Amino acid sequence: ALSTPVGESALAIIRLSGPHCAEIERAITGRSKALESRQATLCKYLDINGLELDSGIYIAYSENASFTNEAMLEIMPHGNPLIIQKILEDLIARGCQMAEPGEFTRRAFLNGKIDLSQAEAVADIIHARSNFSLEVARRQLNGSIGQKMSELSDHLSGILAELEAYIDFPEEDLPEASDAGPIHDLKQLIQQVDDLIETNHYSALLQEGIKTVIIGAPNAGKSSLINTLVGSQRAIVSDTPGTTRDFITSYIMLKDYRVEIIDTAGLHTAGDAIEQQGIEKTMELAQRADFYLVIVDHSQPSPSLPDSIQSVLNAKNTLVIENKIDLESKYTQNDFLPECVHCPISLKTHSGIVDLKHSMLTLIDQGMALAKPKGDDAIVLNARHTAALKQAEDSLKKALQAIHNQELSELVAVELRSAIDGFSQVVGKIDNEAMLDKLFQKFCIGK
């Protein structure tokens with residue numbers, strides 16, 4: 001696979017993986033002696049007819065000492081698309097096959113080099129859009145999730161082993177069984193699993209961006225605000241009410257955070273069916289947002305908000321932006337959402353914008369501190385991990401209930417084994433080809 005983007009560059013990287021790498025290496029370099037493993041070497045590239053196509057850097061990796069755990073070869077020719085295409089065509093003529101998206105990482109997983117959570121972390125590192133998401137992905141790539149699942153599995157296996165000893169050897173002189181031990185341990189496990197499941201919300205914030213909705217009446221300055229924050233003409237600005245009939249999404253980086261800014265239709269009495277749909281969409285988005293920017297016209301009376309929107313606004317997730325402070329006004333906005341921080345600005349003169357961004361960052365910092373898992377070694381789970389852990393948690397709760405109901409120990413053991421299976425699914429100790437196909441299709445080619 002070509003592992004660098006298509007286009008001109010100083011160098012490109014073409015990766016090969018498989019048992020014939022050493023054979024191909026000798027053929028294309030014309031060397032009689034194999035390359036030193038993991039050492040960069042300048043060599044010619046000779047095509048299948050013996051013609052020199054280019055010269056470049058080669059790095060060979062021996063089996064069990066590469067990313068895929070197979071023999072690998074990396075070729076770094078000049079980044080001319082014509083040269084790259086000729087090399088790819090030559091390699092195919094020699095019997096190579098083009099890699100599918102994520103195939104190198106998939107081979108690393110199937111060959112036992114990494115677990116499935118580490119494989120997912122490879123894609124997370126490539127797609128990370130903030131310092132925090134990069135930090136979480138790095139930690140996951142180093143095996144933090146696999147280590148945590150091993151700890152949970154070992155703890156649960158100990159409980160299961162003790163339980164099965166009494167099932168298998170009821171006649172033996174074993175210590176007297178205690179219900180309190182398993183109950184206490186299971187409650188602790190359930191709490192740990194529940195804490196891990198809660199981190200999925202933080203994962204969504206990192207992956208998708210912090211969803212921030214701009215809410216306000218027509219002509220309050222919503223579209224001008226998004227244009228100012230983004231730094232370009234992202235939304236149409238007009239004095240005509242109802243210009244924004246659908247929502248507009250843009251992304252900005254606010255220090256370490258990737259923030260998704262959503263400009264919505266103005267809240268007012270709709271003039272037609274299309275406008276009404278835009279307002280309904282605004283109300284729907286408001287229910288799913290993480291933070292809110294409520295913009296009001298400083299020169300007009302305070303607006304009234306629908307109850308469904310007002311119910312989700314509070315001091316921890318909302319900033320009130322008083323726009324048009326450059327205009328004279330006989331009104332005050334002090335009684336409008338008084339518990340929230342108010343930011344006076346003028347989008348016309350750009351007064352107060354720096355303070356607004358500072359207030360946004362402060363609010364997001366405070367909100368993310370509540371969502372962020374505690375501790376330097378804390379892990380963050382994605383949707384797939386969460387689904388597997390919910391299955392495990394459900395089995396643990398059933399086992400606990402079975403003990404309380406004094407049901408047969410065999411039934412408790414079945415639920416405990418099911419919980420261990422749930423932990424195993426997180427790191428990929430499963431045989432599910434369809435699930436793997438779906439997961440690796442999201443990867444880029446060459447990784």
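Residues numbered from 1 in each chain as written. Predicted model: local features only at pLDDT ≥ 70, side-chain atom pairs only at ≥ 80, totals over all residues. Heavy atoms only, no water.

As summarised here, the arrangement of the four strands in space is S2-S5-S4-S3, forming an open sheet in which the pairing is antiparallel. Both edges of this open sheet fall to strand S2 (14-17) and strand S3 (41-46), since each of them pairs with a single strand only. Recorded for the sheet is a direction-independent mean angle of 35° between the axes of neighbouring strands. Pairing analysis gives four bridges linking S2 to strand S5 (residues 72-76), with the strands arranged antiparallel. Counted as the bridge partner of Arg15 is Glu74 from S5. (Pairing = 2+ DSSP bridges. Helix = DSSP H or I, 4+ residues; strand = E, 2+ residues; numbered from the N terminus. Axes fitted to C-alpha atoms, helices over the stretch in contact; angles between N-to-C directions.)

With that out of the way, let us pick up the packing of helix H4 (residues 116-127) against helix H5 (residues 131-141). As a packed pair, H4 and H5 sit with axes 8 Å apart at the nearest point and diverge in direction by 150°. Classified by the angle their axes make, H4 and H5 are roughly antiparallel. Judged by the sense of rotation from one axis to the other, the crossing of H4 with H5 is left-handed. Touching Ser117, Gln118, Glu120, Ala121, Val122, Asp124 and Ile125 of H4 are Leu134, Ala137, Arg138, Gln140 and Leu141, all from H5. In the contact of H4 with H5, the residues fall into six nonpolar, three polar and three charged. (Parallel < 35°, antiparallel > 145°, perpendicular 65-115°, else oblique. Left-handed = near helix turned anticlockwise from the far one by under 90°. Contact = heavy atoms within 4.5 Å. Nonpolar A, V, L, I, M, F, W, Y, C, P; charged D, E, K, R; others polar.)

Let us look at the pattern of salt bridges. Tallied over the entire structure, the rule returns 12 salt bridges. Between Lys148 and Glu151 there is a salt bridge, with the nearest N and O atoms lying 3.8 Å from each other. In this pair, Lys148 and Glu151 both sit in helix H6 (residues 144-168), three residues apart, roughly one turn of the helix. Residue Lys148 is classed as partly exposed on the basis of its relative accessible area of 24%. Judged by its relative accessible area of 42%, Glu151 falls in the partly exposed class. Where salt bridges share partners, they join Glu70, Glu103 and Arg107 into one cluster. (Salt bridge = Lys/Arg side-chain N within 4 Å of Asp/Glu carboxyl O. Buried < 20%, exposed > 50% of the residue type's maximum accessible area, 1.4 Å probe, protein only.)

Here we take up helix H3 (residues 103-110). Those residues of H3 not exposed but buried are Phe104, Thr105, Arg106, Ala108 and Phe109. Looking one or two residues beyond H3, the residue adopting positive phi is Gly112, at roughly 80°.

Right, let's get into the sheet that holds strand S7 (residues 210-216). Sheet architecture is open: six strands sit in the order S8-S9-S7-S10-S11-S12, paired in mixed fashion. At either margin of the open sheet sits one strand with a lone partner, and together these are strand S8 (248-254) and strand S12 (341-344). Neighbour to neighbour, the strand axes of the sheet diverge by 25° on average, direction disregarded. Relative to strand S9 (residues 257-263), S8 is paired through seven bridges, and the arrangement is antiparallel. By the bridge assignment, Thr249 is partnered in S9 with Ile262.

As far as function goes, none of this settles anything; it's purely spatial.
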